[in-house]
Amino acid sequence: MKGNNARNDRGFEGRNRNRPAGGGYATDDLALMLRGVSKKYPKFELKDVTFSLPRGFIMGFIGPNGAGKTTTIKIIMNMVRKSKGTVMALGLDHILHEKEVKRLIGYVGEEPRFYEEMTPLWFERFVSKYYPTWDKAYFIATLDRFGIDPTKRVKDLSKGMKVKLGLALALSHKPELLILDEPTSGLDPVVRRDVLDELMSVIQDEKRSVFFSTHITQDIERIADYVTFIHQGQIVESDVKDDILGRWKLISFPLPVRQGKVQDALSGGGWDLESDVKEAADRIERMLDHELKGVFVESKIEGLTFSGITSAFSSALEDKIAQLAGNRPRVAPVSLDDILVAIVRGNNA
Amino acid sequence: MIDLVYKDIIQNRKLILLYALLGGFVGLVMIASGSDGGGVFTAYVMISTYGFAVRSTYDEDKSGAYLFLKSLPLSDAAIVASKFLSVLAVSVMLVIFFNITAVLGAYLGASGIVPGLGSSPAARGALDVMAVLRGNAVSFAIVFSFALIFVGIYLLIFFWAGFAKASTYSRAILLAVFVMVMIGAGAIGHLPAVRNFVRFIETSSWLPAISVITSLGVYSILCALCIGRVKVKDWS
């Protein structure tokens, strides 16, 4: 079973390393495959979105507000029509086999949409007719676990309760692929934890795949195997989470200010520290423009220290920086949150 | 698809019951007291059919529930056709109900059970149910047909441009039709040709069937146009 290792250690130890996301998988082995998907609006464009999620894994879909996460998900669900490209869900074209695909997918939207006057029990009766695999006992048990009164009208439920109801409805037909569009957005920490805990319990099923969009990266850090970053309608990164965290590093080193002059300055000798730091900073800028062009997504010089986030860390890069800067750089891990911020700032700079 | 029609009816059951009670009561009293019921029926069918369509689309629009339906394994055609079918089903139900009350009103008029209700055309002797229905058939069929086409246009605008525009434009169309009929009746209603045409309509035996069949055809075409539109529409 492909998902075994991922589920057990959530770290892909010894598996999938250095493998591009979805690489080496046949279409049938993919829970989700998007190729060159585009959508043009007057003020926004989704451009050439391409990524894959193998069956049995969880992918976090991260991006700032307005990046195109919801549009991508709505395209997958055929709620928004793509301008071009291919979308395959569980080996089936999402439009040619729309009904079959949706029978296999559980979807929770950004804002749960329900008939406000109806009750969870009514929804159970209504929705269950469309799914041969519907499990009523599971639905009732989930409502109970979430503390939702099945006879209460939806309009009397809080936003958190509506999200939980949406999740219960999406899970009760035992979907092979769960698509969640920012399900924890706007929820208080307690409800958010409840929702994530429920997700954690259902994703223990190794055959189930989850595609989970959010801008709260902590949620992804907890549960995702794969991560895809989207910004301004374009995919910036899509890979195994640990590979991404292995490639993205914070590199810092002291500016190469000439030591002799520092000594002069410390012993009271005349030295214009400001101009010497400026000279060192200029040298770094030139390095960034030439030898290290495009290496750092975001960088800054603060005081006597350069720091930058790279998406292409390797020991060769570390050696090259040591040689150019005259100092061994300090390499620190970054969080998905840092990566998201670097992507946004880097693109907006 | 039948599930979706059932859903629409269940969701709007209170409104349907209200229309049924209102129409039934007014129709019964009007017919039993001697009116032919045509004017009441016109207003009733227009209000109930249009009212149901507006209410049920308003609910969908307000809750954004079409996105919920789109997440289910349902085709676009089923979602659209079910709305057309539920409006048709409810209007037919209400028309049948109105006719039942018309017959009941005629019976009350004929039987003298309710004092003072004896001037109905059907009151001249024993109750002839078919005569009552035949007497109303032409005007009922034409009004029903007009209501059906009008609501079909409303749904077309709804699926094309959304609830707000459908609601605004349909009211404008209704008002324009009303004004045209009023002005037209005043301006040319006395002309012999018009009078002959009206008489021809009233006495025609095939017109009810033709008008209903035509309106159902137009209604189906409008439904097909909506399905075509929804297939390329973005739901948000």
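As the structure is a computational prediction, the values presented were derived from the model and not from experiment.

Right, let's talk about the sheet that holds strand β10 (residues 234-240) of chain A for a bit. All names here are of chain A. Taken in spatial order, the six strands make up an open sheet running β6-β7-β8-β3-β9-β10, and their pairing is mixed. Each having just a single partner strand, β6 (105-108) and β10 make up the two edges of the open sheet. Going from strand to strand, the sheet's axes swing by 15 degrees on average, the running direction of each strand aside. With four bridges connecting them, β6 and strand β7 (residues 177-181) associate as parallel partners. Residue pairing for β7: V108 is matched across the bridge by L180. Relative to β6, helix α6 (residues 159-171) is tilted by about 175 degrees, and along the sheet it contacts β6 and β7.

Next up on the list: the confidence of the model for chain A. All names here are of chain A. Averaged over every residue, the pLDDT of chain A is 81; residues scoring 70 or more account for 85%. At the low end of the mean pLDDT range in chain A sits helix α1 (residues 4-9), at 38; at the high end sits helix α2 (residues 69-76), at 94. This model gives residues 1-22 a pLDDT under 50, and the stretch forms 39 contacts once residues within four places in sequence are excluded.

A separate point is the nonpolar core. Among the nonpolar cores identified, the biggest contains 114 residues, and L32(A), M59(A), L177(A), I179(A) and L155(B) are the most heavily contacted of them. If you tally residues by element for this core, the top one is helix α5 (residues 76-111) of chain B, at 12 residues. Within the second largest apolar cluster, six residues are counted, among which are I251(A), F253(A), L255(A) and I321(A).

Residue-level contacts link 19 residues of chain A with 18 residues of chain B. Among the elements that take part in the side of chain A that touches chain B, helix α3 (residues 98-104) of chain A stands out by supplying four residues, more than any other. Looking at the side of chain A that touches chain B residue by residue, the classes come out as nine nonpolar, one polar and nine charged.

Residues and elements named next belong to chain A. Pairing in this open sheet of four strands is antiparallel, and the strands run β12-β13-β11-β14 from one edge to the other. At either margin of the open sheet sits one strand with a lone partner, and together these are β12 (296-302) and β14 (330-333). Between one strand and the next, the sheet's axes are offset by a mean angle of 20 degrees, whatever the strand orientation. Note: strand β11 (residues 249-254) against strand β13 (residues 305-310), six bridges, orientation antiparallel. Considered in β13, the bridge of I251 is made with G308.

All names here are of chain A. Here five bridges tie strand β1 (residues 30-40) to strand β4 (residues 84-89), and the two strands are oriented antiparallel to one another. The residue of β4 that forms the bridge with S38 is K84. Note: β4 against strand β5 (residues 92-93), two bridges, orientation antiparallel. The partner of A89 across the bridge, within β5, is L92. Here β4 folds back onto β5, and the loop between the two strands holds two residues, one of which, L90, carries a positive phi near 55 degrees.

Turning next to the packing of α6(A) against helix α7 (residues 189-202) of chain A. Residues and elements named next belong to chain A. One can describe the packing of α6 onto α7 by two numbers: an axis separation of 10 Å at closest approach and a directional angle of 10 degrees. On the basis of the axis angle, α6 is roughly parallel to α7. Across the interface between the two elements, G160, V163, K164, L167 and L171 of α6 pack against V191, D194, V195, E198 and V202 of α7. Split by residue class, the contact of α6 with α7 holds six nonpolar, one polar and three charged.

Parameters and conventions
Residue numbers here run from 1 along each chain, matching the order of that chain's written sequence. Key to labels: chains lettered from A, ligands numbered from 1, both in the order written. Local features in this predicted model are restricted to residues of pLDDT 70 or higher, and side-chain atom pairs are both shown and tallied only at a pLDDT of 80 or more, whereas totals for entire chains, interfaces and linings draw on every residue. Here a strand pair is declared whenever DSSP counts at least two bridges between the two strands. The way it works is that DSSP assigns letters per residue, a run of H or I at least four long becomes a helix, a run of E at least two long becomes a strand, and they are numbered from the N terminus. Under this scheme, a helix contributes an axis fitted over its contacting stretch, all axes are lines through C-alpha atoms, and angles between N-to-C directions fall in the 0 to 180 degree range. We call two residues in contact if the C-beta atoms placed from their backbones are at most 7 Å apart. A score between 0 and 100, pLDDT records how confident the predictor is in each residue. When buried Ala, Val, Leu, Ile, Met, Phe, Trp, Tyr and Cys residues are joined through C-beta atoms within 7 Å, the set is termed a nonpolar core. Here a residue counts as buried when 20 or more other C-beta atoms fall within 10 Å of its C-beta, as exposed when 12 or fewer do, and as partly exposed in between; the C-beta atoms come from the backbone. Asp, Glu, Lys and Arg are counted as charged, while Ala, Val, Leu, Ile, Met, Phe, Trp, Tyr, Cys and Pro are counted as nonpolar; the rest, among them Gly, fall into the polar class. Oblique is the label for any angle not covered by the other classes, which are roughly parallel (under 35 degrees), roughly antiparallel (over 145) and roughly perpendicular (65 to 115).

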